[in-house]
Amino acid sequence: MAKLFTPVRIGAYPLSHRVALAPMTRLRTTQPGDVPSAMMADFYGQRASEGGLEIVEAASVSVQARSYLGAASIYHDGQLEGWKAITKAVHSKGGRVFLQLIHGGRQSHVEMTGGVDPVAPSVVPFDGVAVTKDGFVPASQHRSLAIDEIPGIVEDFRAAAQRAKDAGFDGVELHAANGYLVDQFIQDGTNKRTDAYGGPIENRVRFLRETLEALISVWSADRVGVRISPSGEWGGISDSDPEATFSYVARMLDSYEIAYLHVIEPRVKGDETLHHNHAPVATKYLREHFSGPIIAAGGFDRASAIAIVESGDADLVAFGRHFSSNPDLPYRLKHDLPLTPYVRAAFWGGSAEDYSDFLTYEESRVLEGAQARATADAAEDA
Ligand SMILES: Cc1cc2nc3c(=O)[nH]c(=O)nc-3n(C[C@H](O)[C@H](O)[C@H](O)COP(=O)(O)O)c2cc1C
């Protein structure tokens, strides 16, 4: 059997297979207040499997951290019951569930941040987007953070990590990928600071280090993962030497003995898959710098997921879009069953349709059988 379908351990948790759910923001919280909805609990419950890992969509750690109307957040107690329903749905099927924590930084809009300018390490021209009541809109002009504001944001991450614990999650993942605030500090295309948080890489990772330590203070390192996207382009992010930067980041994360390093291969732009045949590159060099479990993500299919785990460059593979339309994805991959195509139009907001109404392979077989019998009965009656 391919290694992808065999047990593995991430930090504190033994898992029974290596097919994880990648975090996906689906803009289906209840407004106002970003309260996790019942259909979200259905969605995560449906995708849970015995000993499987799910990473729940990015949850903003404060009002200032918000980017997209309808996206998740975890900064007030009114959200806790909704989150508890989600962790309960996953645990009732024997799954493990981590919550991704995010600060959107400059990828935001004044309507999302409580009427104030979005913040970033530095002011650098940016033509990205946010989501408001008017849908996708250009991001507002951002301002650079004063150095004395940074401890407050680190505290927001700590408080959010505590709420995630109170809600019954098994751990948290720090979103240091895709051009959001932590990534904006790491990469030199967006970090032009001249203080202790900018300049050489040791300084550019200071914010990552401080937020990570805040999460570890709540959870311990074996229940904290970090997601990075070396050479990714989402969020207008760039670095003059991604391999050196992210090798440094991987070594630093290794020294904390975190639960896992989650790496988005630069093969996906927005929700478009680029270079289908492009071999994974980031995990290859990061493996030399990180000794714990690596989760690879970004444009994988069954064959490439099996291959990367066999090669040893990654220990698990996280699937986003295929998991969105195949609640039993680990089972389908294991048995090489056909996949239901995903529905891009339903990615960013909407109802339960094309969200939490996808059938498992067995359910669709039963349905097809019933439909065939109904057709045969109708033919007999005619
Ligand atoms: C609708 C949608 C929402 C996403 N939201 C997030 C998110 O909240 N956090 C994150 O780190 N990545 C997010 N991503 C990226 C996915 O986690 C994943 O890396 C990407 O879809 C590539 O994997 P795939 O080819 O298996 O879909 C999102 C992707 C999609 C399509």
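For the protein chain, an unreviewed UniProt entry supplies the name NADH-flavin oxidoreductase/NADH oxidase and the organism Caballeronia pedi. Note on the protein chain: under the UniProt heading Cofactor (unreviewed entry), the record states "FMN". In its Sequence similarities (unreviewed entry) section, the UniProt entry covering the protein chain states "Belongs to the NADH:flavin oxidoreductase/NADH oxidase family."

Asker: Could you give an account of helix H3 (residues 150-166), naming the residues involved and the relevant values?
Answerer: Compared with the 24 Å implied by 1.5 Å per residue over 17 residues, the 25 Å span of H3 between its first and last C-alpha is a close match. Of the residues making up H3, those classed as buried are Ile150, Ile153, Asp156, Phe157, Arg158, Ala160, Ala161, Arg163 and Ala164. For H3, the secondary structure elements touched by its buried residues are strand E4 (53-60), helix H2 (80-91), strand E6 (96-102), strand E11 (171-175) and helix H6 (206-219). Within two residues after H3, Gly168 carries a phi angle of roughly 95°, on the positive side.

Asker: Could you give an account of the site of the ligand, with specific residues and numbers?
Answerer: Taken together, 23 residues form the shell around the ligand, and within it Ala22, Thr25, Ala58, Gly320 and Arg321 come nearest. Only E4 and helix H10 (321-325) provide two or more residues apiece to the shell around the ligand.

Asker: Go over the nonpolar core, please, and point to the residues and values.
Answerer: Residues Val172, Ile295 and Val317 are the most contacted members of the largest nonpolar core, which totals 101 residues. The element best represented in this core is H6, accounting for seven residues. Discounting chain neighbours no more than four positions away, the residues touching Val317 are Leu4, Arg18, Val19, Ile295, Ala296, Ala297, Phe300, Ala305, Ile308 and Val309.

Calculation rules
- Residues numbered from 1 in each chain as written.
- Predicted model: local features only at pLDDT ≥ 70, side-chain atom pairs only at ≥ 80, totals over all residues.
- UniProt positions renumbered as here; feature names shortened; annotations may be inferred.
- Helix = DSSP H or I, 4+ residues; strand = E, 2+ residues; numbered from the N terminus.
- Expected span 1.5 Å × (residues − 1).
- Buried ≥ 20, exposed ≤ 12 C-beta atoms within 10 Å, placed from the backbone.
- Contact = placed C-beta atoms within 7 Å.
- Near = placed C-beta within 6 Å.
- Core = buried A, V, L, I, M, F, W, Y, C linked by C-beta atoms within 7 Å.

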